[in-house]
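Single-letter residue listing:
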Amino acid sequence: MDKIVVKGGKRLSGNVKVEGAKNAVLPVLAASLIASEGKSVIYDVPTLDDVYTINEVIRNLNAKVQFKNNKVTIDATNKLRTEAPFEYVRQMRASVLVLGPLLARYGHAEVALPGGCAIGSRPIDLHLKGFEAMGAKVNIGNGFVEVSVDGRLQGCTVYLDVASVGATENIMMAATLAEGKTVIENCAKEPEIVDLANYLNKMGADIVGAGTETIRINGVEKLHGAEHTIIPDRVEAGTFMVAAAVTGGNVLIENVVTEHLRPVIAKLREMGVEIIEEENGVRVIGPNNLKATDIKTLPHPGFPTDMQSQMMVAMINAEGTSVLTETVFENRFMHVEEFRRMNANMKIEGRSVIIEGLNELQGAQVQATDLRAAAALILAGLCADGLTEVTELKHLDRGYVDFAKKLKHLGADIKRVKVATEEKQADEKVIQLDFKPKNIAVELS
Ligand SMILES: CC(=O)N[C@H]1[C@@H](OP(=O)(O)OP(=O)(O)OC[C@H]2O[C@@H](n3ccc(=O)[nH]c3=O)[C@H](O)[C@@H]2O)O[C@H](CO)[C@@H](O)[C@@H]1O
Ligand SMILES: C=C(OP(=O)(O)O)C(=O)O
């Protein structure tokens, strides 16, 4: 198992290029299963563990998948299986996104029910409510959910109680082959929804309104493969923005759609960060002193929950009291305890965290509790006094390509090490490991 060791204190500078968006590529790859004719070719696919997992799911369903040079080619013209086992859903809950495509094409789909996770209970009731409204029967038992319909799904109007990203995607994919018109009201408006709708339309679907709160889908007979380039990852971009901001750095972030990052840019500007849109990207210049602010996470175009833990690092480093309120997931504060281990002065009150800045962060051994927490703890390490070690990098690898390498390229004192090898060396030298971050004389650069 790997860990990342980071020594704080370096101002970041230089350029960094953002990858294709994880949250866009996963539904796009799942949607490729609907194509009964022709191959799909998807460009700018990031080399993330989640992408390898969804590719495995798709292969397991009997489609052919090749992944090379950030390009995925999918041939789903074989007769597909319609069951996705627990093995995959356990690794990545986005595996439930195969439900809509398989139900659309075969009138049957079965996946293991996703359990809760570190950020909340994350039910899929709204996905299922949409399928039922289209005429599907839902059976839940033995840890599986099975959806099936005799003949074609029927177009209908579905109102989502919560503007769920996954439910909007699953229902939109299912509706592409339904008979008649489907209207999804109070749907999610995230850029990844628009990317998926654009891809489905290239495959022959008839979808309008993606990016607004009502999506209309006229069902067609079949879809074919298509070529598509994935949008840039707004969360990765936002993470590097915070990295520049908290280190007083000057970083040009390339391959960014600034429109997708409006709430993050607005909050960082409020905190005193200079953000300049340039021809090749967005330049972020961190101030000497960050100012406190308040943030509430909301569905797009509100402040994204996936940037919540990273922004906490900016708040910890800001002068004054900040309040961060999480409204999207009920339990996305597991990282707070880890920040406290690094000397952050913060407390949880209901769905809010009160952060008293400016307490100097101290390096410590910390554990990533989820994907974005992993990145946030590394950001905290960049501005902490001494060494920070972040473990449980399986979370980080789900959503960030070469995170430590990219930060090192920007001048950070950071390295990724294999824990097993180090422990073996330590055993061989009979060294007693006594972790005192401030006293360890490790030269990282
Ligand atoms: C792979 C992917 O794209 N993941 C993103 C997606 O997750 P995901 O699609 O799972 O998130 P949702 O938008 O569905 O979840 C939002 C809220 O709705 C609730 N809910 C959702 C579905 C449902 O059937 N019933 C229900 O109550 C959830 O528990 C949560 O409280 O959007 C989230 C919210 O922007 C992001 O944090 C995730 O990074
Ligand atoms: C919560 C996230 O992803 P997922 O929905 O795949 O768990 C995320 O990307 O921060």
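All residue numbers refer to positions counted from 1 along the written sequence of the respective chain. By the order in which they are written, chains take letters starting at A while ligands take numbers starting at 1. Where local features are concerned, this predicted model is filtered to residues with pLDDT of at least 70; where side-chain atom pairs are given and counted, the filter is 80 or more; whole-chain, interface and lining totals use all residues.

(A) Layout of the sheet that holds strand β2 (residues 13-17). Strands pair, by our definition, only if DSSP identifies at least two bridges between them. We count a stretch as a helix when DSSP gives it H or I for four or more residues in a row; a strand needs E for two or more, and each element gets its number in order from the N terminus. The strand order across the open sheet built from four strands is β2-β17-β19-β18, with neighbouring strands paired in mixed fashion. The strands lining the two open edges of the sheet, one partner per strand, are β2 and β18 (274-278). Sheet twist, expressed as the mean angle between neighbouring strand axes with direction ignored, is 20°. Relative to strand β19 (residues 281-285), β18 is paired through five bridges, and the arrangement is antiparallel. Note that in β19 the partner of Glu-278 across the bridge is Gly-281. Only the stretch in contact is used when a helix axis is fitted, and all axes are lines through C-alpha atoms; the angle between N-to-C directions ranges over 0 to 180 degrees.

(B) Here's a closer look at the domain arrangement of the protein. With domains assigned, the protein is organised as domain 1 (2-19 + 232-439) and domain 2 (22-229). What counts as a domain boundary in this text is fixed by an automatic or database domain assignment. Computed from C-alpha atoms alone, the centre-to-centre distance between domain 1 and domain 2 is 31 Å. Contact between two residues is assigned when their C-beta atoms, built from the backbone, lie within 7 Å. Each partner contributes to the interface: domain 1 provides 18 residues, whereas domain 2 provides 14 residues. Sorting elements by how many residues they give to the side of domain 1 that touches domain 2 places helix α13 (residues 394-399) first, with three residues. Each residue is assigned to one of three groups, with Ala, Val, Leu, Ile, Met, Phe, Trp, Tyr, Cys and Pro labelled nonpolar, Asp, Glu, Lys and Arg labelled charged, and all others, Gly among them, labelled polar. Here the residues of the side of domain 1 that touches domain 2 sort into five nonpolar, five polar and eight charged.

(C) Looking closely at the site of ligand 1. The immediate surroundings of ligand 1 are formed by 21 residues, with Asn-23, Leu-126, Ser-164, Val-165 and Gly-166 found nearest. Looking at which domains feed residues into the shell around ligand 1, each of domain 1 (2-19 + 232-439) and domain 2 (22-229) gives three or more. Residues are classed as near a molecule or strand if the C-beta position derived from their backbone is within 6 Å of it.

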